[in-house]
Amino acid sequence: MRSLLKPAAGLVCLFALATAGCSTASDGTESDSTESAETSDKAPATPVTSYAPYVSATDASDLDSAGSPTTYNLAFVISTGSGCTPKWNDSDPIGDSAVKSRIARLKEGGATVRVSFGGASGKELAATCDNAAELAKAYGTALDAAGSDQADFDIEGDELTDSDSVDVRSEAIALLQKERTDLDVSFTLPVMPSGLDADGLALLESANNSAVQVSTVNLMTMNYGESYDGDMGDYAITSANSAHDQLMDVFGTSDAAAWRGMALTSMIGVNDVEGETFTLSDAGQVRAFAAEKGVAWVSMWSTFRDQECVAGDADENDALTNCSGVVQGAGAFGEAFAG
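Residues numbered from 1 in each chain as written. Predicted model: local features only at pLDDT ≥ 70, side-chain atom pairs only at ≥ 80, totals over all residues. Heavy atoms only, no water.

An unreviewed UniProt entry lists the chain under the name Hydrolase, with Streptomyces lincolnensis given as the organism.

Written as structure tokens, this is what we have:
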């Protein structure tokens, strides 16, 4: 990897994003091992954009399978609050038998699962574990419980601005990748139409400094703020374009590899910010854009909200919890994102 400002001695391509990998040139620098389009006898295959929605790790939904996801993002593993013990949503033990059964059912159709650490609520483990070794062990415990070699770190809010926890997390992930050489790592970060903010870029720089092999940077294309009142599909694309240029700079990689190192996650329907509504048309627009650019995967928050709210039913009418707040068929967003 390389840092934000200066190349390091190791890899200078975003790990696993340039699918052909990197090779070391005779002068010790890194070079792309893939032949260029001009010299290759065969045109490179178009990267396939997969669909990987966020699901509840503890509660099944009839909408989980809409769009036939290739991967499920299991939300969320966080700390118990004061120690280094991981739990699902601060409530269920990491080895809970019901959760294991749910994960097994999600995998029945051939899909994989990615464990998502963090989220908007509760304490991410890096904020409560004492050191990197202890943190790496906690992450590994959760991955083993889920039978997964994919880790997503959803870092936002106070956790994103805490430089100490950011650095210990980077050290822990690097330790974990030394033990698990096939571990796929993604960071899920907030984004604006102007791109990643300074805190998000600092987190990626920290990961580079610890030699973390980053597979994907997942952009949360949602909740931009009251100053943004336009089309949510357009904003998602503008945000992706801005972040793409930043990823090229951060990881010193090619145009195509930066796209392949990106994922896009939208909050379907009504967002947390008043006036922001992500429609089915927006979903189709984002899917088409992602497929054209070769983005690694698209996602949404979340499968259990992929349905129309039930009028007159207070328990089934919370657009921020269990429905989308827009007129739709059940599972329609999943089908749109799957393409």
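Here the narrative resumes, following the displayed structure.
K.L.:
Teacher, can you tell me more about helix H4 (residues 163–179) here?
P.N.:
Since there are 3.6 residues in each turn of an α-helix, residues three or four apart along the chain are aligned in direction. Its 17 residues place the ends of H4 25 Å apart at the C-alpha level, agreeing with the 24 Å of an ideal helix rising 1.5 Å per residue. Those residues of H4 not exposed but buried are Ser 165, Val 166, Val 168, Arg 169, Ser 170, Ala 172, Ile 173, Ala 174, Leu 176 and Gln 177. In this structure, the buried side of H4 is in contact with helix H2 (132–146), strand E9 (150–154), helix H3 (158–161), strand E10 (184–190) and helix H5 (198–209). (Helix = DSSP H or I, 4+ residues; strand = E, 2+ residues; numbered from the N terminus. Expected span 1.5 Å × (residues − 1). Buried < 20%, exposed > 50% of the residue type's maximum accessible area, 1.4 Å probe, protein only. Contact = heavy atoms within 4.5 Å.)

K.L.:
Would you mind going over the side chain of Ser 266 with me for this structure?
P.N.:
Looking at the element boundaries, Ser 266 is found in strand E12 (residues 262–267). What makes Ser 266 buried here is its relative accessible area of 0%.

K.L.:
Is there a simple way to think about the nonpolar core in this case?
P.N.:
Considering soluble globular proteins, one finds that nonpolar side chains tend to be buried as a cluster. Membership of the largest hydrophobic core comes to 78 residues, with the highest contact counts inside it found for Phe 117, Tyr 139, Phe 187, Leu 204 and Phe 337. Sequence-distant contacts of Phe 117, defined by excluding residues within four places in its chain, comprise Val 77, Glu 124, Leu 125, Tyr 139, Ala 142, Leu 143, Ala 151, Asp 152, Phe 153 and Asp 154. (Core = buried A, V, L, I, M, F, W, Y, C linked by side-chain atoms within 4.5 Å.)

K.L.:
Which parts of the structure should I look at to understand the pairing of E9?
P.N.:
Each regular strand displays side chains that alternate between the two surfaces of the sheet. Burial analysis of E9 places five of its five residues in the buried class, the great majority of the element. Residues Gln 150, Asp 152 and Asp 154 point to one face of E9 and Ala 151 and Phe 153 to the other, with burial holding for every one of them. Pairing geometry for strand E8 (residues 112–118) and E9, over four bridges, is parallel. Counted as the bridge partner of Val 115 is Ala 151 from E9. As a crossover connection, the stretch from E8 through H2 into E9 is right-handed. In the sheet, E9 pairs with E10 via five bridges, with the strands oriented parallel. By the bridge assignment for E10, Asp 152 is matched with Ser 186. (Pairing = 2+ DSSP bridges. Right-handed = clockwise from strand over helix to strand, strands pointing away.)

K.L.:
Looking at this structure, how should I read unusual backbone geometry?
P.N.:
Trans peptide bonds make up most of the peptide bonds, and negative phi angles are found at most residues other than glycine. Between Ala 75 and Phe 76 the backbone carries a cis peptide bond, its omega angle lying at -15 degrees. You can see Phe 76 is positioned in strand E5 (residues 71–79). Here Trp 301 and Ser 302 are connected by a cis peptide whose omega angle stands at 0 degrees. Within the secondary structure layout, Ser 302 lies in the loop between strand E15 (297–301) and helix H9 (332–338). For Ser 68, which is not a glycine, the phi torsion comes out positive at approximately 50 degrees. Here Ser 68 lies in the loop between strand E4 (54–56) and E5. By relative accessible area, Ser 68 is classed as exposed at 60%.

K.L.:
So what exactly am I meant to see when it comes to helix H6 (residues 232–251) here?
P.N.:
The end-to-end C-alpha separation of H6 is 28 Å, in line with the 28 Å expected for 20 residues at 1.5 Å each. Positive phi shows up at Gly 252, right after H6, with a value of about 60 degrees.

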